[in-house]
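# Summary of structural features
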Amino acid sequence: MSDFIAQLREIYPSERLYEDDARITPYVSDGLTVFRAKPAAVVMPVCNDEVVKTLALCHAHDIPFVARGSGTSLSGGSMPIEEGLVISLNQLNQILELDPDNRTARVQPGVINTGISVAAASHGLYFAPDPSSQTVCTIGGNLAFNSGGAHCLKYGMTSNHILGIKVALPDGEVVELGNDSLENTGPDCVGLFVGSEGLMGIALEIQVRLLPKPESYRTILASYDSLETAGDAVATVVASGILPGAMEIMDALAIEAAEAAVSAGYPDDAAALLLVELDGEAAAVEAEFAALTSAIETTGAKEVRAAQDENERMLIWKGRKSAFSAVGRLSPDYIVQDGVVPRSKLGEALKAISELSADAGLRVANVFHAGDGNLHPLILFDAKQPDGLEKAEALAGKILRLCLRLGGSITGEHGVGVEKLKYMPDMFSDTDLEAFRRIRRSIDTKEISNRGKMLPGKEAPALSDLGPHPLEKAGIISRM
Amino acid sequence: MDSNPQSIDALVSLVKNASSIKVRGSENTSTQSSANVISLSALNRIKEYLPDEYTISVEAGMATSEVQSTLAAKGQYLPFDPPFASEGTTIGATIARGLSGPESFRYGILRDFILGVTFIDGHGNLIRAGGKVVKNAAGFDIPKLMSGSCGSFGIIAEASFKVFPVAPETRTLVFNYSHFDKGHEALVKLGKSPFTLDALDLSSEGSLVIKLAGQPGSTDERISAIESFLESRADANTEENNDSIWPETVQLHNRPATGTLLKVPTNPSSVMALESALTGSNAPRRYSIGGYVAWVHWSESVEAVSSLLAKLNLSGQVVSGGAPAIIIGDTGQRPFYNRIKSALDPDGKFGDLYAPTASAHL
Ligand SMILES: Cc1cc2nc3c(=O)[nH]c(=O)nc-3n(C[C@H](O)[C@H](O)[C@H](O)COP(=O)(O)OP(=O)(O)OC[C@H]3O[C@@H](n4cnc5c(N)ncnc54)[C@H](O)[C@@H]3O)c2cc1C
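Fair warning: this is a prediction, and the values are worked out from it, not measured in the lab. As a convention, each chain's residues are numbered from 1 in the sequence order in which they are written. Note on labels: chains are lettered from A, ligands numbered from 1, in written order. Predicted model: local features are reported for residues with pLDDT of at least 70 only, side-chain atom pairs are reported and counted for 80 or more only, and whole-chain, interface and lining totals are derived from all residues. To get the side-chain values, all heavy atoms of the structure are used, and hydrogens and water are removed first.

### Concerning the overall build of chain B
The helix count covers DSSP runs of H or I at least four residues long, the strand count covers runs of E at least two residues long, and both are numbered beginning at the N terminus. When helices and strands are counted, chain B shows 10 helices and 18 strands. For chain B, the C-alpha atoms occupy an extent of roughly 65 × 50 × 35 Å along the three principal directions. For chain B, buried positions account for 62% of its 362 residues. Taking contacts inside chain B between residues at least 6 apart in sequence as the whole, the part at least 24 apart equals 68%. For the accessible areas, the method is Shrake-Rupley and the probe is 1.4 Å, while residue cover comes only from the protein chains on display. Split by element, the accessible area of chain B, about 12,800 Å² in all, is 48% carbon and sulfur. Each residue gets one of three labels from its accessible area relative to the maximum for its type: buried under 20%, exposed over 50%, partly exposed in between, using a 1.4 Å probe on protein chains only. The contact definition used throughout considers only heavy atoms, calling two residues in contact when any of these lie within 4.5 Å.

### As for the site of the ligand
Residue and element names in this part refer to chain A. Nearness is defined per residue: one heavy atom within 4 Å of the molecule or strand is enough. Near the ligand there are 35 residues, and of these Ala 67, Thr 72, Ser 78, Ser 133 and Thr 138 occur at the shortest range. In protein, a polar contact requires one atom able to donate a hydrogen and another able to accept it; more generally it is a pair of N or O atoms within 3.5 Å, and residues adjacent in sequence count only if both atoms are side-chain atoms. Backbone polar atom of Gly 71 to an oxygen atom of the ligand: 2.7 Å apart, as the coordinates give it. Protein chains shield 95% of the accessible area of the ligand, which is 980 Å² for the free molecule. Elements supplying a minimum of two residues to the shell around the ligand: β3 (65–68), α5 (139–145) and β10 (202–209). With five residues, α5 is the single largest residue contributor to the shell around the ligand. Per-class residue counts for the shell around the ligand are 12 nonpolar, 20 polar and three charged. Each residue is assigned to one of three groups, with Ala, Val, Leu, Ile, Met, Phe, Trp, Tyr, Cys and Pro labelled nonpolar, Asp, Glu, Lys and Arg labelled charged, and all others, Gly among them, labelled polar.

### Side note on the sheet that holds strand β7 (residues 126–130) of chain B
Either a parallel or an antiparallel arrangement is found when strands of a sheet pair, and the pairing is made through backbone hydrogen bonds. All names here are of chain B. Only when DSSP finds a minimum of two bridges between them are two strands counted as paired. With antiparallel pairing, the five strands of this open sheet are ordered in space as β3-β4-β8-β6-β7. Both edges of this open sheet fall to β3 (46–50) and β7, since each of them pairs with a single strand only. The sheet shows a mean angle of 15° between the axes of neighbouring strands, taken without regard to direction. Looking at chain direction, strand β6 (residues 114–121) and β7 are connected through five bridges and run antiparallel. Across the sheet, the residue bridging to Thr 118 is Arg 128, located in β7. Angular values range over 0 to 180 degrees, each being the angle between N-to-C directions of two axes fitted as lines to C-alpha atoms, with helices fitted over their stretch in contact.

### Let's talk about the nonpolar core
Taken as a class, soluble globular proteins show a tendency for nonpolar side chains to be buried jointly. Note on terminology: a nonpolar core comprises buried Ala, Val, Leu, Ile, Met, Phe, Trp, Tyr and Cys residues joined through side-chain atoms within 4.5 Å. Core analysis: the biggest nonpolar cluster contains 147 residues, and Ile 165 and Ile 439 of chain A together with Phe 140, Phe 161 and Phe 336 of chain B have the highest contact counts within it. With eight residues, helix α13 (residues 388–405) of chain A is the single largest residue contributor to this core. Sequence-distant contacts of Ile 165 of chain A, that is, excluding residues within four places in its chain, are made with Leu 143, Val 175, Glu 176, Leu 177, Val 190, Phe 193, Val 194, Ala 203, Glu 205 and Ile 206 of chain A. Listed in part, the 53 residues of the second largest apolar core include Tyr 177, Ala 186, Tyr 292 and Leu 308 of chain B.

### Observations regarding the domain arrangement of chain A
How big an interface is tends to be stated in terms of accessible area lost as the parts join. For the domain bounds, the source is a domain assignment made automatically or taken from a database. Looking at the assigned domains, one finds that chain A contains domain 1 (2–88), domain 2 (95–213), domain 3 (216–325) and domain 4 (331–420). A C-alpha centroid distance of 42 Å is found between domain 1 of chain A and domain 3 of chain A.

### Overview of the pairing of β10 of chain A
Remark: a regular strand shows side chains that alternate across the two faces of the sheet. Residue and element names in this part refer to chain A. Counted residue by residue, β10 has eight buried out of eight residues, so it is predominantly covered. Pairing of strand β6 (residues 104–107) with β10 involves four bridges; the strand directions are antiparallel. Paired with Arg 106 across the bridge in β10 is Gln 207.

### Side note on the interface of chain B and chain A
Every contact between the two is made by 74 residues of chain B and, on the other side, 88 residues of chain A. Taken as a group, Lys 135, Phe 140 and Arg 339 of chain B account for 14% of the area that chain B buries against chain A, more than any other trio of residues on that side. By definition here, a salt bridge exists when the distance from a side-chain nitrogen of Lys or Arg to a carboxyl oxygen of Asp or Glu is within 4 Å. Here chain B is connected to chain A by nine salt bridges. The salt bridge partner of Asp 171 of chain A is Arg 339 of chain B, with a shortest N-O separation of 3.0 Å. Scanning the region where chain B abuts chain A turns up 36 residue pairs in polar contact (both at pLDDT 80 or more). The greatest single-element share of the side of chain B that touches chain A, amounting to eight residues, is contributed by helix α10 (residues 334–344) of chain B. Two parts placed together each lose some accessible area; with a 1.4 Å probe, that loss summed over both constitutes the buried area.

### Digging into the pattern of salt bridges
Pairs can form between side chains of opposite charge once their charged atoms are near each other. This structure, assessed with the given rule, holds 47 salt bridges over all chains. With a closest N to O distance of 2.7 Å, Glu 173 of chain A and Arg 339 of chain B form a salt bridge. Separated into two different chains, Glu 173 of chain A in the loop between β8 (162–168) and β9 (174–178) and Arg 339 of chain B in helix α10 make up a pair that spans both. Among the residues examined, Glu 173 of chain A registers a relative accessible area of 31% and is labelled partly exposed. In this structure, Arg 45 of chain B engages Glu 59 of chain B in a salt bridge whose closest nitrogen and oxygen atoms are separated by 2.6 Å. Taken together, the positions of Arg 45 of chain B in the loop between β2 (36–38) and β3 and Glu 59 of chain B in strand β4 (residues 55–59) put the pair 14 residues apart, joining distant regions of the chain. Since its relative accessible area comes to 1%, Glu 59 of chain B is described here as buried. A network of salt bridges, in which partner residues are shared, links Glu 97, Arg 106, Lys 166 and Glu 205 of chain A.

### Overview of the state of the cysteines
All names here are of chain A. Two cysteine sulfurs form what is called a disulfide whenever their separation falls within 2.5 Å. Evaluated as defined, the whole model comprises zero disulfides over all chains. You can see Cys 47 has no disulfide; the closest cysteine sulfur is in Cys 58, sitting 15 Å from it. Look at Cys 47 and you get partly exposed, because its relative accessible area is 30%. Here Cys 58 falls in the buried class, since its relative accessible area comes to 0%.

### Regarding the sheet that holds strand β16 (residues 333–336) of chain A
All names here are of chain A. If you walk across this open sheet you meet the seven strands as β15-β12-β14-β13-β17-β18-β16, and the pairing is antiparallel. Both edges of this open sheet fall to β15 (303–306) and β16, since each of them pairs with a single strand only. Going across the sheet, the axis of each strand differs from the next one's by a mean of 20°, ignoring polarity. Relative to strand β14 (residues 272–280), strand β13 (residues 246–251) runs antiparallel, the two being bridged by six bridges. Note on β14: the bridge partner recorded for Glu 248 is Leu 275. Along the sheet face, helix α9 (residues 252–262) touches β13, β14, β17 (364–368) and β18 (377–381) and points at about 95° away from the line of β13.

### A closer look at the packing of helix α15 (residues 430–443) of chain A against α10 of chain B
At a minimum axis distance of 8 Å, the contact between α15 of chain A and α10 of chain B shows a crossing angle of 140°. Relative to α10 of chain B, α15 of chain A is oriented oblique. Our pair here, α15 of chain A against α10 of chain B, has a crossing hand that is right-handed. Between α15 of chain A and α10 of chain B, the contacting residues are Arg 438, Ile 439, Ser 442 and Ile 443 of chain A on the first element and Phe 336, Arg 339, Ile 340, Ser 342, Ala 343 and Leu 344 of chain B on the second. Tallied by class, residues from the contact of α15 of chain A with α10 of chain B come to six nonpolar, two polar and two charged. Reported orientations rely on four angle classes, namely roughly parallel under 35 degrees, roughly antiparallel over 145, roughly perpendicular from 65 to 115, and oblique for the rest. Helix crossings are classified by the rotation of the near helix relative to the far one: an anticlockwise turn of less than a right angle makes the crossing left-handed, while a clockwise turn makes it right-handed.

### What about helix α8 (residues 268–278) of chain B?
In an α-helix there are 3.6 residues to a turn, and that puts residues three or four apart on one side. Residues and elements named next belong to chain B. The set of residues buried in α8 consists of Pro 268, Ser 270, Val 271, Leu 274, Glu 275 and Leu 278. The buried residues of α8 occupy an angular sector of 145° when projected down its axis, which confines them to one face. Close packing links the buried residues of α8 with α6 (180–192), β14 (260–265), β15 (285–288), β16 (293–298) and α9 (302–311). At the C-terminal side of α8, Gly 280 shows a positive phi close to 100°. The directions from the helix axis to the C-beta atoms form the arc being described.

### A look at the packing of aromatic side chains
Side-chain rings of Phe, Tyr and Trp, where Trp is taken by its six-membered ring, are said to pair if the distance between their centres is within 6.5 Å; with planes under 30 degrees apart they count as stacked, over 60 as edge-to-face, and otherwise as tilted. Inspection of every chain in the model, using the stated rule, returns 12 aromatic pairs over all chains. Aromatic pair Tyr 107 of chain B and Phe 164 of chain B: ring centres 4.9 Å apart, planes at 80°, arrangement edge-to-face. Pair noted here: Tyr 107 of chain B is in helix α4 (residues 104–107) and Phe 164 of chain B is in strand β9 (residues 164–165), with a separation of 57 residues, a long-range link. In textbook terms, an aromatic cluster arises when at least three aromatic residues are bridged by ring pairs, as seen for Phe 428 and Phe 436 of chain A together with Phe 140 of chain B. By definition here, charges over rings are those cases where NZ of Lys or CZ of Arg is within 6 Å of the ring centre and within 35 degrees of the ring normal. Note that Arg 218 of chain A overlies the ring of Phe 289 of chain A, its terminal NZ or CZ placed 4.0 Å from the centroid.

Following this line, the structure appears as structure tokens:
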């Protein structure tokens, strides 16, 4: 290790190589703050060459590393590996090229999500993926986690907007995947890399697709007496043949929290709110709006409001986008899950979650991407209680297994990270997982790239429902 | 005689016991290689179709046209517009070849709609990846990896797709420009505009073909808006597809019987460069998906077109006809491909995309 550090010092000046606790501490955890681990060092490359040399060094010395954008992963994806290296990419933050005719931009991984849309705005273009964390999270993190957002129903996830990637593989070899077209030849290697949770090396340059900004929007807010009815309303809208840009649901707890935080003017007597947004050409949107309004009329809504202007629309969204953090403020601690269920089973899933929540004696807030069936139950708990976290995790586990039972997935957009490792065998067979591992080893023979994430293995004992995590017992990770 | 496995289990044991194996494509010519040739015609069922969920899971041997008619009965469709459906192409072959049609311009190509896949790798393992719900981030995205893999990582047995509702009203417009450059200018201008077009294709003569779709009563107004944006009236305006403007070999209904059909990923800028390079050749061609793909029907030496593409930093995929390899021109993705190949098919049971082949029919 000391040899490794000595060689790092040859690549980085001390202001970009952190070895001391004071500078390392901000990196010990990510958005899943209940866990932390201390890396041996943190480096801040400013060019591709430094990244490549660093990876070659890690490979030679068998030192695990994790790439880090803004550290907002909610599943422990960017949590350091004990005694490993954190490669912070925030200084690789340039938009290298923006081509309005081709509607593409080539960017470095540390560019902030909204930065791309800001740069493209003068051309009437934008970058569609819009995770709620978009003002802080990086495109590198979005890519590694195939992040979603409110508009996936119509526009897809991050993956659908990445055309090409220059990658430094975990042994330092640099490869090009994809190109600067929407089409490709041969297998979609870009598609494989996106969402691989940092297990396949570091994205150095990313070719993203830009879309023309929609000409017109129509945004509707419908309130319901129960969460279940709002869930069923989503199925009605989807079945009516209209394709909204976004469909989001918030429950009473989330509405209350969002109101307190940003005064979005939401109805105060609703058990659930459904937000539906149409976008596109003005004439097309007006025709869809008529169809949407009649579909919503059949869903038993208490009240239906349509945003009258852009200010009202932005206020509705401000409430929705702030809800997540606002709910977080209601409780000392929370964890959030992001399981997916078939849309027609939303009502059933929400009912079951409220029953599970009552059984566990823990409050659960729901604010989620309803159009995709992507739940986001926020489980509120107090980690200072002796078994606070264990109870919350047990409830989270029940919710994820419920999603699988209904035919869904354990994660729609937050990724597996360390948090959902133990549910992977519920979703995939040993053969499937072994295929994932073989693919991983063909790219990273030493399994140093984000070791211990996504794929259950020796280094990453599954989190346990009962008592402390085995890594905690071993003193390798600890809870805040 | 082809083997014709009646079940996925039978297919698994065929793969396990073979040293070299390939799935018969829709062509009738016999292959020259010594591979075991199998037919997936018995794996032709719908596994699950949930119209309310807008998802469908099918076996790979099912004809694409049958998937389309099943969906159409419920007012739904495959938004990536699979080409060659009329020649009996199967859904498995469409995925393996990674093919999308002109109307993928609206919502995305095949990779954007494939949710899950079940396949048998070179070890004879039956692997399921992805899911059936419209959103899923667990595990590696192997469904996307399989699109365009030309079967070289494994044999696809089943796949799940996200589907969309068919818009009730559609229109096709044709604008004939005096020169390619003028048509190209209009293509670029429209591509950047907020018009939400279902298709945007350009011919080498400078004809721009636009398709739009929407709720009843909305298209007339949109057409006027497009006409005033382009400052000209459409030369044709129909409710039907107007494929007669394309040379037959690039209508994408049937693959040409002779020569080589190439899919060349482009972008609106490189379309200009490619067209200049092809001017003077008499290869029928079509710039599709808003300028993001060129279909080129090439009848001369494939080596020549390969080096032409390489000079432009373009890559080409042979979709039909003989060729030195399936991927020609720029082969920049090969080092990464080789790594994945070593993981899924180390013994080379399925053939290599970049290696010399006798025939590109896959
Ligand atoms: C308040 C809040 C709201 C959120 N809302 C959403 C939401 O709506 N939708 C959603 O999907 N997520 C959401 N998230 C989760 C999170 O913001 C996303 O996962 C985001 O993409 C992470 O970006 P980051 O820059 O913070 O990445 P990090 O957390 O730093 O890293 C995430 C992963 O990416 C890897 N990585 C980073 N850069 C690279 C690179 N260049 N090459 C290879 N791997 C790399 C890391 O190793 C790690 O595994 C939310 C999080 C918070 C805190």
